[in-house]
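What the coordinates show
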Amino acid sequence: MEVKTRAPGKIILAGEHAVVHGSTAVAASIDLYTHVSLRFPSPSENDDTLIIQLKSVALELSWPISRIKAALSYLGCPFSSTPTSCSAESARSLAALVEEENFPEAKIGLASGVSAFLWLYTSILGFKPATVIVTSELPVGAGLGSSAAFCVALSGAFLAFSGSVNVDMSHQGWLMFGDNDLELLNKWAFEGEKIIHGKPSGIDNTVSTYGNMIKFRSGSLTRIKSDLPLKMLITNTKVGRNTKALVAGVSERSLRHPDAMSFVFNAVDSISRELSNVIQSPAPDNLSVTEKEEKLEELMEMNQGLLQCMGVSHASIETVLRTTLKYKLASKLTGAGGGGCVLTLLPTLLSGTVVDKVIEELESCGFQCLTAGIGGKGVEVCFDGSC
Ligand SMILES: Nc1ncnc2c1ncn2[C@@H]1O[C@H](COP(=O)(O)OP(=O)(O)OP(=O)(O)O)[C@@H](O)[C@H]1O
Ligand SMILES: C[C@@](O)(CCO)CC(=O)[O-]
Ligand SMILES: [Mg+2]
């Protein structure tokens, strides 16, 4: 028996980092997905191991179920119908399980993702042998929400077989979860994201779960309906970074300078709210598409300036900003920054030749450019071989 899920990555149009401190942020899903396949061995296979194959990072790990049981036995029965946080003690047990696998030193940054997998798996499905395969179209650790898509796709696959969601297993092709199930799935994914991000706001898992475009503040979302044909160029600087460390860095800065940083976070809140007003339909004012794009460009530039204030820009990001500015295009980092990806608004009237030239110049600096569809579906599940 096999189930597959897919969960999208995201871009943050405004408000990253400040959202961790209670400000509004605006995010949209993109049509790049993380896929999970979960398969239980048949009785004749007599297999007693839990295997995870992380294809996009070329890593495979496996544990005898008895070993996982022994490591987590103090939890009693780990099955839980309500999402539970991983305690410090559980985190240590999971880290020990991960280390036992002779985790390659060069890939140690992936260990928290494996811990999140083990936490979600054992909490939702208990001690069952299975093979879990993860593939992804998203660059890992580049600001496009790979950690959230990973946790959302895993939670969806585990919940589909847990008996605690209501899905039609005879459905052919991709299927959306119902509203109550999405809420449960999103809460589980948030628990996984906590293991990877430390202190996440929840925006990334929420936009990956629900898709579309959302405004997010203090854990609650408002869907944004927009008919603005928003086109963004995404430039991956390919500079590796880690969201947990960047989020912690901003928190430390705001402890050192609480007054100044609270003005910064408030300014970001205003930018996000204004940006969401500009893109939503029906529009409160009768601006043309070009006028709206000009407002968005200015808001993106202002947000980028405040992200620099928070200390999360990077020389590679500044190079992208300078390069796109030569073509009068506005850009900002997206996600946690420190490297990773930069967004550039491509106005509707911009000629294809200019877009080609910008891409060529960015790629000549060693960056990688991609365009992605914005605002598609959230997590989906599939029970037959058609997906
Ligand atoms: N496809 C995947 N396979 C294995 N691990 C993954 C995968 N996708 C994400 N991860 C886990 O997520 C971590 C990267 O998450 P991180 O939050 O640092 O970056 P991101 O989510 O891509 O960017 P951002 O949080 O800024 O949007 C990896 O180190 C790994 O632990
Ligand atoms: C940097 C951050 O604001 C967004 C990462 O995509 C962290 C979070 O909200 O969890
Ligand atoms: Mg992340």
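Predicted model only: the values in this text are computed from it and were never measured.

Another point: the overall build of the chain. Within the chain, the secondary structure is distributed over 11 helices and 13 strands. A compact globule built from 387 residues should have a C-alpha radius of gyration of about 21 Å, and the chain, at 21 Å, falls within 12% of that. Once the C-alpha set of the chain is aligned to its principal axes, its extents read approximately 65 × 50 × 40 Å. Every one of the 387 residues in the chain was classed for burial, and the buried ones make up 48%. Once local pairs closer than 6 in sequence are excluded, the contacts in the chain between residues at least 24 apart make up 77%.

It is worth spelling out the packing of helix α1 (residues 65–72) against helix α2 (residues 88–99) at this point. For the pair α1 and α2, the least separation of the axes is 9 Å and the interaxial angle reads 150°. If you check the angle between α1 and α2, you find them roughly antiparallel. Here α1 and α2 pass one another in a crossing that is right-handed. Facing I68, A71 and L72 of α1, the residues of α2 in contact are S93, A96 and L97. The residue makeup of the contact of α1 with α2, split by class, is five nonpolar, one polar and no charged.

Each α-helix winds once per 3.6 residues, and so residues spaced three or four apart point in a common direction. Its 14 residues place the ends of helix α7 (residues 243–256) 20 Å apart at the C-alpha level, agreeing with the 20 Å of an ideal helix rising 1.5 Å per residue. All buried positions along α7 are accounted for by T243, L246, V247, V250 and S254. The buried residues of α7 occupy an angular sector of 100° when the element is viewed end-on, so they sit on one face. In α7, the exposed residues that point more than 90 degrees away from the buried face are A245, E252, L255 and R256.

The subject of this paragraph is the site of ligand 1. Near ligand 1 lie 26 residues; those nearest to it are G113, S146, S147, T243 and G335. Those elements that provide at least two residues to the shell around ligand 1 are α3 (111–125), β5 (130–136), α4 (146–160) and α5 (179–197). Element by element, the count of residues in the shell around ligand 1 is highest for α4, at three residues. Per-class residue counts for the shell around ligand 1 are 10 nonpolar, 15 polar and one charged. Formed jointly, the shell around ligand 1 draws a minimum of three residues from each of two domains, domain 1 (2–222 + 375–382) and domain 2 (226–371).

Taking the numbering used here, the UniProt-annotated feature "domain: GHMP kinase N-terminal" (unreviewed entry) corresponds to residues 125–211. A helix fraction of 49% and a strand fraction of 10% characterise residues 125–211, whose end C-alpha atoms lie 26 Å from each other.

Attention shifts here to the sheet that holds strand β9 (residues 232–236). Backbone-to-backbone hydrogen bonds join strands into a sheet, with any given pair of strands oriented parallel or antiparallel. Pairing is antiparallel across the open sheet formed by four strands, whose spatial order is β10-β11-β9-β12. What marks the edges here is a single partner per strand, and that holds for β10 (331–334) and β12 (368–371). When the angles between neighbouring strand axes are averaged without regard to direction, this sheet yields 30°.

Checked against the element boundaries, S80 lands in the loop between α1 and α2. Along the primary structure S80 and T122 are separated by 42 residues, whereas in three dimensions their C-alpha atoms are 9.1 Å apart.

The next thing to look at is the pairing of β9. β9 sits mainly inside the fold: five of its five residues count as buried. Burial along β9 is two-sided: the residues M232, I234 and N236 and L233 and T235 are all buried. The pairing of β9 with β12 spans four bridges and is classified as antiparallel. Its bridge partner being in β12, N236 is matched across the sheet by Q368.

Attention now goes to the nonpolar core. Ranked by internal contacts, the top residues of the largest apolar core, which has 108 residues, are I11, A27, L120 and F158. Split by domain, the residues of this core number at least three in each of domain 1 (2–222 + 375–382) and domain 2 (226–371).

Taking 1.5 Å as the rise per residue, α5 with 19 residues should run 27 Å; its terminal C-alpha atoms sit 26 Å apart, in good agreement. In terms of residue burial, α5 counts as a mostly covered element, since 14 of its 19 residues are buried. Taken from the residues just after α5, G198 is the one with a positive phi, measuring 85°.

Taken together, 15 residues sit near ligand 2, with E16, P200, S201, G335 and A336 positioned nearest. Going through the elements one at a time, α6 (203–210) and α7 are the ones with two or more residues in the shell around ligand 2. A breakdown of the residues in the shell around ligand 2 according to their chemical character gives seven nonpolar, six polar and two charged. In terms of domain composition, the shell around ligand 2 takes at least three residues from each of domain 1 (2–222 + 375–382) and domain 2 (226–371).

Sequence positions flagged by UniProt for "domain: GHMP kinase C-terminal" (unreviewed entry) are, in local numbering, residues 294–346. Helix makes up 55% of residues 294–346 and strand 17%, whereas the separation of the span's terminal C-alpha atoms amounts to 11 Å.

One non-glycine residue, N212, adopts positive backbone phi at about 60°. Locating N212 in the fold gives a position in the loop between α6 and β7 (213–217). With a phi close to 45°, S218 is a non-glycine residue in the positive phi region. Structurally, S218 is set in the loop between β7 and β8 (220–224). Residue classification places S218 among the exposed residues on the basis of 11 C-beta atoms within 10 Å.

Reading guide: rules and limits
- Residues numbered from 1 in each chain as written.
- Chains lettered and ligands numbered in written order.
- Predicted model: local features only at pLDDT ≥ 70, side-chain atom pairs only at ≥ 80, totals over all residues.
- Helix = DSSP H or I, 4+ residues; strand = E, 2+ residues; numbered from the N terminus.
- Rg over C-alpha atoms; globule rule 2.2 N^0.38 Å.
- Buried ≥ 20, exposed ≤ 12 C-beta atoms within 10 Å, placed from the backbone.
- Contact = placed C-beta atoms within 7 Å.
- Axes fitted to C-alpha atoms, helices over the stretch in contact; angles between N-to-C directions.
- Parallel < 35°, antiparallel > 145°, perpendicular 65-115°, else oblique.
- Left-handed = near helix turned anticlockwise from the far one by under 90°.
- Nonpolar A, V, L, I, M, F, W, Y, C, P; charged D, E, K, R; others polar.
- Expected span 1.5 Å × (residues − 1).
- Arc of directions from axis to C-beta.
- Near = placed C-beta within 6 Å.
- Domains from an automatic or database assignment.
- UniProt positions renumbered as here; feature names shortened; annotations may be inferred.
- Pairing = 2+ DSSP bridges.
- Core = buried A, V, L, I, M, F, W, Y, C linked by C-beta atoms within 7 Å.

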